[in-house]
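Topology and contacts: notes
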Amino acid sequence: MATRDAVRPIAREEILRQQAIAREIRERPDRPLTYHLVTYGCQMNAHDSQTLAGMLEEMGMAPEADREKAGLILFNTCCIRDNAERRAMGNIVFTRKIKRVRPELLVGVCGCMAQQEGFQERLSRRYPHVDFSFGPGEIYQLPQRLLDAMEGRREQAFRRGEDSTLYEGLPILRSSPFFAYQTVMYGCDNFCSYCVVPLVRGRERSRELKQIVSEAQRLVDEGVQEIMLLGQNVNSYGRDTGGPRFEDLLRALGQTGIRRLRFMTSHPKDLSDELIAEMARNPAVCPHLHLPAQSGSDRMLAAMNRRYTRDWYLERVRALRQAIPHIGLTSDLIVAFPGETEEDFEQTLSLARQVRFDSAFTFIYSPRSGTAAARLPGRIDPEVARERILRLIALQEDITREVLRGLVGQTASVLAEGLSKRDPGQLTGKTGRGIACNFSADPDRIGQIVPVLITGQGSKTLKARQIEKENP
Ligand code: SAH
Ligand code: SF4
Ligand code: F3S
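Residues numbered from 1 in each chain as written. Chains lettered and ligands numbered in written order. Predicted model: local features only at pLDDT ≥ 70, side-chain atom pairs only at ≥ 80, totals over all residues. Heavy atoms only, no water.

1. Things to note about the site of ligand 1
Quick reminder of the rule: A single heavy atom is enough: if one lies within 4 Å of a molecule or strand, its residue is considered near that molecule or strand. Two N or O atoms form a polar contact when they lie within 3.5 Å of each other; inside protein one atom must be a possible hydrogen donor and the other a possible acceptor, and for residues adjacent in sequence the pair counts only when both atoms belong to side chains. To measure how exposed things are, a 1.4 Å probe is used in the Shrake-Rupley method; for residues, cover is taken only from the protein chains shown. Segments assigned H or I by DSSP are reported as helices when at least four residues long, segments assigned E as strands when at least two residues long, and all are numbered from the N terminus. Residue polarity follows a fixed list, in which Ala, Val, Leu, Ile, Met, Phe, Trp, Tyr, Cys and Pro are nonpolar, Asp, Glu, Lys and Arg are charged, and the others, Gly among them, are polar.
If you check the shell around ligand 1, you find 15 residues, and the closest are Arg81, Gln232, Gln294, Asp332 and Ser366. In the model, an oxygen atom of ligand 1 is placed 3.0 Å from a nitrogen or oxygen of the Arg81 side chain. With the chains in place, 90% of the 530 Å² that ligand 1 exposes on its own is no longer accessible. At the level of elements, strand E14 (328-335) and strand E15 (359-364) are the ones that each hand at least two residues to the shell around ligand 1. In terms of residue class, the shell around ligand 1 is made up of 7 nonpolar, 4 polar and 4 charged.

In structure tokens form, the structure reads like this:
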């Protein structure tokens, strides 16, 4: 496993070398002309895919929505749970059929699955129709891997890389002119006992504050209204470098003139008073925090190696709400962790009831090979697991409805992202709290932050209309 000493920013020369290969590919008549990029997993992967797309376009390829027609199909995979993996694998296997008809098709597999021990070797051996593969630390190598695949250097095309890189300066194809992701740190050192991320994304490594801020400034100058900062545990930003901490970064970013800042994910154990104070003070920071609780049972939290207790979590929630009264909290919750009793599970229900999350992602525990929890006894019967997750979902849906109902009649501000798909007479966007909102307003407000009065609610969304000014 990589140690901290192995963290090495990719030298500018290496990026330049890859860019030279990209230009070479662009000149080749036998290059794929179109690409079809399939993305699984979290925002990190969504962000990585924007980088991959940026590089593919530099190589002269255009996006193709129909995979049956694309010259290159690239899968950016996720291995956080078994079902994520199975879905990706099913589609990867399926491309064999397309390749039978069009042998010139190139198929690539990248992302977190590719970084798992032994995966690339197995993939290369069992699926000869796949042409190349690389892990999330080697995104910058896409041109080289593609060239290796085009020239039949199979071993190089499947070479396993390190997971300790930090790269700067890659092109990026953003999905919206108003919204951008920015990675602030790579990797995770937390080793929650169920989680594969530290095994596939390597140790924590923070980008330099200066780099992040100047990138943000460029985005603001280009018209970006909202930036989502990404990291597996953004609260530990700067711990590896001994440099500025996350609250310092938020403060510096606030001075770029960005209208909205969001970030994810925050770990409750590292949510400091200093960070809460900065969130309250900084007008750009949205009144929203995704704060995964995972469980409401101290016994389960200890077995999960989360390193906080239920009381600690509840105390942090109180501190947040005291500093930012209208903050919306969202969470991730896992049911059926090994050894979870009915009482443990009820503690999770009661935590959800007590905190009243705006919404929560709920997961059935999925054993991941190489993690500590995979070796624990006390696997929960799948029927029991299903019954528990359904109870948790039903409870959270009730809470979400009640929270939304409580917002009706209040004012909010919404970043108008575009026309509503369901009703093109309406605009759609998110409130500062992160809740989806459809509202009537002039279409020329798209791309702007619009004050609205909330007039109604659906099960997960708000309805609203434009007003002159948001109440304080
Ligand atoms: N770094 C983030 C998110 C990581 S993955 C964090 O710490 O919150 C997103 C969510 O997937 C986790 O919060 C957890 O709820 C869930 N998850 C991760 N591994 C899982 C597993 N093996 N089984 C079920 N859910 C899992
Ligand atoms: Fe996984 Fe825990 Fe790291 Fe999140 S903090 S990525 S759940 S190990
Ligand atoms: Fe999945 Fe990797 Fe994200 S495992 S959840 S894509 S960090």
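Read on, since the account is not over.
2. Focus on the state of the cysteines
Note on terminology: a disulfide is the covalent bond linking the sulfur atoms of two cysteines. Applicable threshold: Note on terminology: pairs of cysteine sulfur atoms within 2.5 Å are recorded as disulfides.
With the rule as written, the count across this model stands at 0 disulfides. Among the cysteines around Cys437, which has no disulfide bond, Cys286 carries the closest sulfur, lying 14 Å off.

3. A closer look at the pattern of salt bridges
Formally: For salt bridges, the criterion is a side-chain nitrogen of Lys or Arg within 4 Å of an Asp or Glu carboxyl oxygen. Type-normalised accessible area, obtained with a 1.4 Å probe on protein chains alone, sets the label of each residue: buried when under 20%, exposed when over 50%, and partly exposed for intermediate values.
Counted under the stated rule, the structure contains 35 salt bridges. Among the salt bridges present, the one from Asp30 reaches Arg28, with a minimum N-O distance of 2.9 Å. Since its relative accessible area comes to 45%, Asp30 is described here as partly exposed. A salt bridge links Arg207 to Glu168, with the shortest nitrogen-to-oxygen separation between them at 2.7 Å. In this pair, Arg207 is assigned in the loop between strand E10 (205-206) and helix H8 (209-221) and Glu168 in the loop between strand E7 (165-166) and strand E8 (179-183), connecting sequence segments 39 residues apart. One network of salt bridges, with partners in common, ties together Arg28, Asp30, Asp148, Glu151 and Arg153.

4. Points about the sheet that holds strand E16 (residues 411-419)
For clarity, the threshold we go by: Note on pairing: DSSP must find at least two bridges between two strands before they are called paired. Where helices are involved, their axes are fitted lines through C-alpha atoms of the stretch in contact, as for all axes, and angles between N-to-C directions lie from 0 to 180°. In this analysis, two residues are considered to be in contact whenever any of their non-hydrogen atoms come within 4.5 Å of each other.
Read around the barrel, 5 strands follow the order E16-E17-E18-E20-E19 and close on themselves; strand pairing throughout is mixed. Between one strand and the next, the sheet's axes are offset by a mean angle of 50 degrees, whatever the strand orientation. Summarising the sheet, E16 and strand E17 (residues 427-431) pair through 5 bridges and their orientation is antiparallel. In the sheet register, Gly418 faces E17, and the bridge partner there is Thr428. Across the sheet, helix H14 (residues 382-407) is in contact with strand E19 (449-457) and strand E20 (462-466); its angle to E19 comes to roughly 115 degrees.

5. Digging into the sheet that holds E14
To summarise the sheet geometry, strands pair through backbone hydrogen bonds and adopt either a parallel or an antiparallel arrangement. Here 3 strands make up an open sheet; going across it, the order is E13-E14-E15 and the pairing parallel. Here the strands that pair on one side only, and so sit at the sheet edges, are strand E13 (288-290) and E15. If you compare each strand with its neighbour and ignore which way they point, the axes differ by 10 degrees on average. Bridge analysis of E14 against E15 gives 6 bridges, and the strand direction is parallel. Following the sheet pairing, Val335 is matched in E15 by Ile364.

6. Focus on unusual backbone geometry
For the peptide bond that leads from Met264 to Thr265, omega is 10 degrees, which places it in the cis range. Along the chain, Thr265 turns up in the loop between strand E12 (260-264) and helix H10 (273-281). Residue Asn305 is not a glycine yet carries a positive backbone phi of 60 degrees. Classification of Asn305 by relative accessible area gives partly exposed; the value is 30%.

7. Quick look at the domain arrangement of the protein chain
Threshold: Note that the domain bounds reflect an automated or database-derived domain assignment. Accessible surface is computed with a 1.4 Å probe, and the buried area is the amount of it that two parts give up when combined, taken over both parts together.
For the protein chain, the domain assignment lists domain 1 (4-166), domain 2 (179-405) and domain 3 (411-466). The C-alpha-based centres of domain 2 and domain 3 are spaced at 26 Å. The interface is formed by 17 residues belonging to domain 2 together with 17 residues belonging to domain 3. Of all residues in domain 2, the largest losses of buried area upon contact with domain 3 belong to Gln225, Arg260 and Leu404, amounting jointly to 44% of the total for that side. Inspection of the region where domain 2 meets domain 3 yields 1 salt bridge. Here Arg433 and Asp358 are joined by a salt bridge, their closest N and O atoms 2.9 Å apart. There are 7 residue pairs in polar contact (both at pLDDT 80 or more) connecting domain 2 and domain 3. Tallying contributions element by element places H14 first for the side of domain 2 that touches domain 3, with 5 residues.

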